[in-house]
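Read off the chains here:
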Amino acid sequence: MATLIRNAKLAHDSWQRLEAAADGGLPSIPPQGDLLVPLKLWQLSSSALLGRPSGRVGVWLAPQEDPALIADSLDALALIAVHFPQFTDGRGYSTARLLRERYGWKGELRAIGDIQRDQLFYLSRVGFDAFELNDGIDVPQEDLLRSAQAALSAFGDFSEAYQTSVERPLPLFRRRGAEVA
Amino acid sequence: MYQYDEIDQKLVDERVAQFREQTQRHLSGTLSEDDFRPLRLQNGLYIQRFAPMLRVAIPYGLLSSRQLRALAHIARKWDHGYGHFSTRQNIQFNWPKLEEVPDILAHLAMVQMHAIQTSGNCIRNTTTDHLAGVAPDEIVDPLVWCELIRQWSTFHPEFAYLPRKFKIAVSGAEQDRAAIQVHDIGLQAVRGDNGETGFRVLVGGGLGRTPIIGTVIREFLPWPHLLSYLDAILRVYNRYGRRDNKYKARIKILVKELTPEVFRAQVDAEWAHLQDGPATLTAAEVARIGSRFTRPQYLKLDALSPQYTQALAREPGFARWAGRNVHEHRVPGYAAVTLSLKKTGVPPGDATTEQMEAVADLADRYSFGELRVSHEQNLILSDVKQSELFAVWQEAKALGLATPNIGLISNIIACPGGDFCSLANAKSIPVAAAIQRRFDDLDYQHDIGELDLNISGCMNSCGHHHVGHIGILGVDKQGAEFYQVSIGGAQGNAASLGKVIGPSFAQDEVAEVIARLIETYLARRDSEAERFIDVVRRIGIEPFKENVYGNAHQKREARARQLAAA
Ligand code: SF4
């Protein structure tokens, strides 16, 4: 189970993530609990997912999946996650900005997959507010907690930023002007 | 020089602290080599053949004497007493120890320098004309725009993990001296109908395995939109650039596969959302950045100094040097001077600690403490009084930096090659030295005239061999080091890519092959005014081939034709 950071704090994770089988076959839908489902399952079975007696629904996107495909569904969702198969695959950074800035997603936006502390700063700037750390295999629980705790400091790696971003929509040069005024 | 403000400085300091902590985690075993690699690359640190290599950015090639002294200090304290100036306005140190790199970065930060994004799959150091700000043919001073791009690209959160490296070059002059046609993005500053500044935007140029000349996707981008338009290009590339094959991951492949028209349409569609957004530049910001550049306090001088003209008449050696290494300046009475790092027998672009310190002194005494680094791997004193050129020449000569070979065959561009680089197929430095020795006679060099000879140790093309009038590429032939020779490449406004003349050569044959190419050129040129590249363009590569390979290949081809006809 990955360690979850939400709003820069360690958090409990109530979500169960569903994945397609290796052959592309879609998983069956558990009757309850919060479910984070692949885009395909959402597209094919949104009414079944929403019609369950209890539990919320979220969608996770693979790097190549266009966030425009869920732009009309945002009201029905309680979580959106973006998967990073390797942390060096940077497509998810653009996905996040589009979800926040173009489609107006206000809820939890979670980075999942190969996420490590060294990516937290940039990820948070493009609009992620939750992170499932890639804990590796066979790491004892108390070590995980310690390193996750240490990882929280990564949000403060830099005190300023030049560009526009979700976190600071105005670039530094526009905020500078405001300080003077 | 651009002077950091408090925030610029703080960000660089914070980067040092971040990297120190990452290095510690790596050395203590909690950050694996695989996970550390992309992080160290974004700080310019490679693990090379013998030791790590640290690449330090010299943003847009502008360097103060104080900074050069700091580089000299680094070379002395943490390296083997020299540094290598690369073809992208960077300096590389070949021998630092991994655990000491954070200290080197801290030292750099003290003089407003860094190694941020000098390698890795991110936006690299923005390069420009080595005569930026002083060239007489300048339309727009590119330095301010380069600094704006530097700030925009530094720690850009969306584009730190691109499919591949990404290089931007800016030219502000009529003559393109920044190779903008062979960059991922090339920006040509131009003036609009009402005199306002804008940019012609090229994308998808590049060297490497698939050399391509960039395509213009926007003829005139008004300056306020510079950054939002760059955001749009980068976003399209970040989302759709290939990640399945690193040899097809550069933006040039995306542009080619989509076609430039479709690529442009995608950028425009993206830009429609970003245009006039918060990234739109303001006149106040451009003025603020401009005011942070210190500018030389020029004296009012006559256009031509009599001391200079007299010295030219008196000293043929000085006149020869001035003819090659002194460049016109936009301010009357001043000149820019290239100090050659291409002395025969010295690896191209290498400078020792002592040379760096001596050049820093020269800059202080003769050039307002300012220097430029050129993509031809030389150093430039950008603002020298004509009346002092003779003194500069004498001092430079004593330092071994006055080889009068700028634009000549011995001003070779070469990558570090197999002596240092772990990706190399073959060495480049000994080949450069052999050619320089073969053409040691300066009169002969001057007779040959303008000739760019570029050498890369492998297909990554760091030595820009595709755009050399003569290009030499290290190739691997069953485990042995061989060299492929091409001719007809060029940089600048009429950029073109060289054509391979035929099968490759062993290392000890290369200098002789070059001699034959030169022979052919001298025999076929109309006059001294017709340069090597002009002759190749006029008569094609066949006559050159013939002289190099004999007519053996012609017979082979004739036989093949006969067989085909039979
Ligand atoms: S061209 Fe090849 S050998 Fe030369 S520096 Fe680049 S990667 Fe190394």
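None of the values given here were measured: they were computed from a predicted structure.

Basis of the calculations
Residues numbered from 1 in each chain as written. Chains lettered and ligands numbered in written order. Predicted model: local features only at pLDDT ≥ 70, side-chain atom pairs only at ≥ 80, totals over all residues. Heavy atoms only, no water. Helix = DSSP H or I, 4+ residues; strand = E, 2+ residues; numbered from the N terminus. Rg over C-alpha atoms; globule rule 2.2 N^0.38 Å. Buried < 20%, exposed > 50% of the residue type's maximum accessible area, 1.4 Å probe, protein only. Contact = heavy atoms within 4.5 Å. Areas by Shrake-Rupley, 256 points an atom, 1.4 Å probe, with all protein chains shown as cover. Lys, Arg positive; Asp, Glu negative; His and termini not counted. Charge placed at Lys NZ, Arg CZ, Asp CG, Glu CD. Core = buried A, V, L, I, M, F, W, Y, C linked by side-chain atoms within 4.5 Å. Buried area = accessible area lost by both parts, 1.4 Å probe. Salt bridge = Lys/Arg side-chain N within 4 Å of Asp/Glu carboxyl O. Polar contact = N/O pair within 3.5 Å; in protein donor to acceptor, adjacent residues only side chain to side chain. Nonpolar A, V, L, I, M, F, W, Y, C, P; charged D, E, K, R; others polar. Pairing = 2+ DSSP bridges. Axes fitted to C-alpha atoms, helices over the stretch in contact; angles between N-to-C directions. pLDDT = per-residue confidence, 0-100.

### Quick word on the overall build of chain B
Assigned secondary structure in chain B consists of 19 helices and 21 strands. For 566 residues, the compact-globule formula gives about 24 Å, and the C-alpha radius of gyration of chain B, at 24 Å, lands near that figure. Taking the principal axes of its C-alpha atoms as reference, chain B extends roughly 70 × 65 × 60 Å. Counting over 566 residues, chain B shows a buried share of 62%. Of the contacts formed within chain B by residues at least 6 apart in sequence, a portion of 68% connects residues at least 24 apart. Of the accessible surface of chain B, which amounts to about 20900 Å², a share of 51% is contributed by carbon and sulfur atoms. In chain B, 64 positive and 66 negative side-chain charges are present, and the distance between their average locations comes to 4 Å.

### Description of the overall build of chain A
Looking only at helices and strands, one finds five helices and eight strands in chain A. Going from the N terminus to the C terminus, chain A shows its helices and strands as β-β-β-β-α-β-β-α-β-α-β-α-α. For 181 residues, the compact-globule formula gives about 16 Å, and the C-alpha radius of gyration of chain A, at 17 Å, lands near that figure. Overall, chain A is about 55 × 40 × 30 Å in size when its C-alpha atoms are taken along their principal axes. Pairs at least 24 apart in sequence give 48% of the contacts found in chain A among residues at least 6 apart. Computed over 19 positive and 23 negative side-chain charges, the inter-centroid distance for chain A is 7 Å.

### Re the nonpolar core
Phe128(A), Leu71(B), Ile185(B), Leu226(B), Ile233(B) and Phe263(B) are the most contacted members of the largest nonpolar core, which has 156 residues in total. Broken down by element, the residue count for this core peaks at nine residues, all from helix H6 (residues 226-240) of chain B. Not counting chain neighbours up to four residues away, the residues in contact with Ile233(B) comprise Ile185(B), Val201(B), Val203(B), Ile217(B), Ile251(B), Phe263(B) and Val267(B).

### Details of the interface of chain B and chain A
Counting residues at the interface gives 45 residues for chain B, matched by 35 residues for chain A. Taken together, the two surfaces of chain B and chain A that pack against each other cover about 3500 Å², and 54% of this comes from carbon and sulfur. Looking at the side of chain B facing chain A, the largest losses of area belong to Pro157(B), Tyr161(B) and Arg239(B), adding up to 21% of the total buried there. Remark: the boundary between chain B and chain A carries seven salt bridges. Across the salt bridge formed by Arg102(A) and Glu270(B), the nearest N and O atoms sit 2.7 Å from each other. Counting the contacts that link chain B with chain A gives 23 residue pairs in polar contact (both at pLDDT 80 or more). Elements that contribute at least two residues to the side of chain B that touches chain A include exactly helix H1 (6-27), helix H2 (33-41), helix H5 (142-153), H6, helix H8 (260-274) and helix H9 (283-291) of chain B. No other element matches H1(B), which puts 10 residues into the side of chain B that touches chain A. A per-class count over the side of chain B that touches chain A returns 17 nonpolar, 12 polar and 16 charged.

### Things to note about the sheet that holds strand E3 (residues 62-64) of chain B
Residues and elements named next belong to chain B. What the five strands build is an open sheet, ordered E3-E14-E15-E12-E11; its pairing is antiparallel. A strand with exactly one partner marks an edge of an open sheet, and here the two such strands are E3 and strand E11 (326-328). Looking at each pair of strands side by side, their axes are set apart by 35° on average, direction ignored. With three bridges joining them, E3 and strand E14 (residues 370-373) adopt antiparallel strand pairing. Within E14, the position partnered with Leu-62 by the bridge is Arg-372.

### Here's the deal with the sheet that holds strand E1 (residues 45-47) of chain B
Residue and element names in this part refer to chain B. Reading across from one edge, E1-E2-E5-E4-E13 is the order of the five strands in this open sheet, with antiparallel pairing throughout. The sheet is open, and its two borders are formed by E1 and strand E13 (350-352), each paired with just one other strand. Between one strand and the next, the sheet's axes are offset by a mean angle of 30°, whatever the strand orientation. Where strand E4 (residues 82-85) lies against strand E5 (residues 90-93), two bridges are found, and the strand directions are antiparallel. Along E5, the bridge assignment pairs His-84 with Gln-92. Contacting E4, E5 and E13, helix H12 (residues 353-366) crosses the sheet at an angle of about 80° to E13.

### So, the side chain of Ser305(B)
Residue and element names in this part refer to chain B. By the secondary structure assignment, Ser-305 is in the loop between H9 and helix H10 (306-314). A distance of 3.2 Å separates a polar side-chain atom of Ser-305 from the backbone nitrogen of Gln-307. If near-sequence neighbours (up to four positions away) are discounted, Ser-305 is found in contact with Gln-386 and Ser-387.

### Thoughts on the environment of Pro140(A)
Its place among the elements puts Pro140(A) in the loop between strand E8 (130-133) and helix H4 (141-151). Residues Pro140(A) and Lys40(A), spaced 100 residues apart in sequence, show a C-alpha to C-alpha distance of 35 Å.

### Observations regarding the pattern of salt bridges
This structure, assessed with the given rule, holds 52 salt bridges over all chains. In this structure, Arg525(B) and Asp447(B) form a salt bridge, with 3.0 Å as the shortest nitrogen-oxygen distance. Linking Arg525(B) in the loop between helix H16 (510-524) and helix H17 (532-539) with Asp447(B) in helix H15 (residues 442-448), this pair joins segments that are 78 residues apart in sequence. What you see here is one network of salt bridges that share partners, running through Arg97(A), Glu101(A), Arg102(A), Glu158(B), Arg235(B) and Glu270(B).

### Considering the confidence of the model for chain B
On average, residues of chain B carry a pLDDT of 93, and 97% of them reach 70 or more. For this predicted complex, the interface confidence comes out at an ipTM of 0.96, alongside a pTM of 0.90.

### Considerations on the environment of Phe199(B)
Residues and elements named next belong to chain B. With respect to the helices and strands, the residue Phe-199 is situated in strand E9 (residues 197-203). Residue classification places Phe-199 among the buried residues on the basis of a relative accessible area of 0%. Between the alpha carbons of Phe-199 and Ser-422 there is a distance of 38 Å; along the sequence they are 223 residues apart. In this view, Phe-199 contacts Trp-145, Leu-187, Gln-188, Ala-189, Val-190, Arg-218, Glu-219, Phe-220, Leu-221, Trp-223 and Leu-226; residues no more than four positions away in its chain are not counted.

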